[in-house]
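# Topology and contacts: notes
Listed below are the residues making up each chain.
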Amino acid sequence: MIYTLSSNSSFCDYLASLWLDEQKSDLWGLSQITIYVPTNRAAKTLREAFLRQSKGKTLLLPKIISFANLDVFDATIPQAISFIERQLILSKLIQKKQPMGEDKAFALAQSLAELIDEMHQYDVHFEDLKSIAPENFAEHWQETLSFLDIMDSYWPEILAEKGKTDPSLYQIKQADSLIQKWQTNKPNDLIYAVGFTGGLPIVERFLKAVSLLPNGRIYIPDLDTDMSDDIWENVDETHPSYYQKRLLDYLNVKRKDVIRLDENISDRFHLLSVALTPAAETQIWQKNLHLHVDENIRLIECQTPQNEAFEIACIANARKNSSSCHTGSTIGKARQNSNAKMECHLG
């Protein structure tokens, strides 16, 4: 089963309350649930949500696991090299390739390490890099590839000698091992994947595996169920909902089959859906945009992007601190030449 919940509700608090209610007749019920979340921070946030929703009562929490720390026992997977050790080794390789100061080499090593991780995460190989530059940049790109050859010619050999692997590849292999384990012996336990939106191939494979479990559930945040089917089918890589659409396609699930947990969708959610209409369909703005504006919507026009960022931070901080100020939804317009007065609608 796949569920969604809009950002108008507190995602973790809503789900914690829902699961507490589902298991209220079973003292051990919650402890039988395993919940996978994207990050360590998400795991901490969900645990805190359970404490809030339990209102001080003693309870056995579900097993909450960050996707970044699956910790699956598999003797065939080499241990991950530490981030600092990798960066130090790469900085030495960079200095051999091109003499430079240690501080610059260390900074470049960090960027190179991040590139290595991204290539693992998106299943991109070094050979794939050779043909991505247009013809008029081909010569310059060859120079870049000569530098990046560190990743292909030297780094894999060093890892093999140490019997280790890159941290991102280690995480991917851990997830694939867990998926294989589930395919071999499907658990009947309640297993939930919460807060994932797709994007990475390994995440999509993991969510596919959860969806095939007897008691597997997926909770997707902010799926736009307000968008028409015609527009949804034309969502491309430039749209915020693209990865959610790609995920549902990968799972072979129709958007209409996703269960929405919050029935009362706010005006601001409708407004955001219309405002993010793909460029090819923006003719609907004139017809629909005015239908979703209410008295809680504020327009803040800023002279510069920096001022706009400050306004957003101001509002976000007020909400985070649960101040008595009423904060309406805002649409910021960064106008470099605007003489509009900058206002902070927090009063």
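Here, residues in each chain are numbered from 1, in the same order as that chain's written sequence. For this predicted model, a pLDDT threshold of at least 70 governs which residues receive local features, and a threshold of 80 or more governs which side-chain atom pairs are given and counted, while totals over whole chains, interfaces and linings are taken from all residues. Only hydrogens and water are removed before side-chain values are computed, so all heavy atoms of the structure are retained for them.

Glancing now at the nonpolar core. Residues belong to a common nonpolar core when they are buried Ala, Val, Leu, Ile, Met, Phe, Trp, Tyr or Cys residues joined through side-chain atoms within 4.5 Å. Think of it in three bands: with a 1.4 Å probe and only protein chains considered, a residue is buried below 20% of the maximum accessible area for its type, exposed above 50%, and partly exposed in between. Counting residues in hydrophobic clusters, the biggest one holds 33 residues, and the most contacted among them are Tyr36, Phe67, Trp182, Phe196, Phe206, Leu207 and Ile218. By the criteria applied, helices consist of DSSP H or I runs no shorter than four residues and strands consist of E runs no shorter than two, each listed in order from the N terminus. Secondary-structure elements contributing two or more residues to this core are helix 7 (167-184), strand 6 (190-194), helix 8 (201-211), strand 7 (216-221), helix 9 (229-233) and helix 10 (242-251). If you tally residues by element for this core, the top one is helix 8, at six residues. Not counting residues up to four positions away in its chain, the partners in contact with Ile218 are Met1, Ile2, Tyr3, Ala193, Leu207, Val210, Ser211 and Leu251. Among the nonpolar cores identified, the runner-up in size contains 23 residues, and Ile81, Met119, Ile150 and Leu159 belong to it. Here a residue-residue contact requires only that any non-hydrogen atoms of the pair lie within 4.5 Å.

Strand order in the open sheet formed by six strands is 3-2-6-7-1-8, and the pairing between neighbours is parallel. Bordering the open sheet on either side are strand 3 (63-66) and strand 8 (259-260), each of which pairs with just one other strand. Inspection of the sheet shows strand 2 (residues 33-37) paired to strand 6 by four bridges, in the parallel sense. Bridge assignment links Tyr36 to a residue of strand 6, and that residue is Ala193. A pair of strands is treated as paired once DSSP finds two or more bridges between them.

For the rest of this paragraph, the subject is the confidence of the model for the protein. Mean pLDDT over the protein stands at 83; residues scoring 70 or higher make up 83%. This stretch, residues 322-347, has a pLDDT under 50; its non-local contacts, to residues over four places away or in other chains, come to 58 contacts. pLDDT expresses how confident the predictor is about each individual residue, on a scale running from 0 to 100.

Pairing of aromatic rings covers Phe, Tyr and the six-membered ring of Trp, with a centre-to-centre limit of 6.5 Å; geometry is then stacked below 30 degrees between planes, edge-to-face above 60, and tilted otherwise. Enumeration according to the criterion identifies 12 aromatic pairs in this entry. Taking the centre distance of 5.4 Å and the plane angle of 80 degrees together, the rings of Trp19 and Tyr219 count as edge-to-face. Of this pair, Trp19 sits in helix 1 (residues 11-22) while Tyr219 sits in strand 7, placing them 200 residues apart in sequence. According to the relative accessible area criterion, Trp19 is buried, its value standing at 0%. Note on Tyr36 and Phe206: the rings are 5.3 Å apart at their centroids and 75 degrees apart in plane angle, and the pair reads as edge-to-face.

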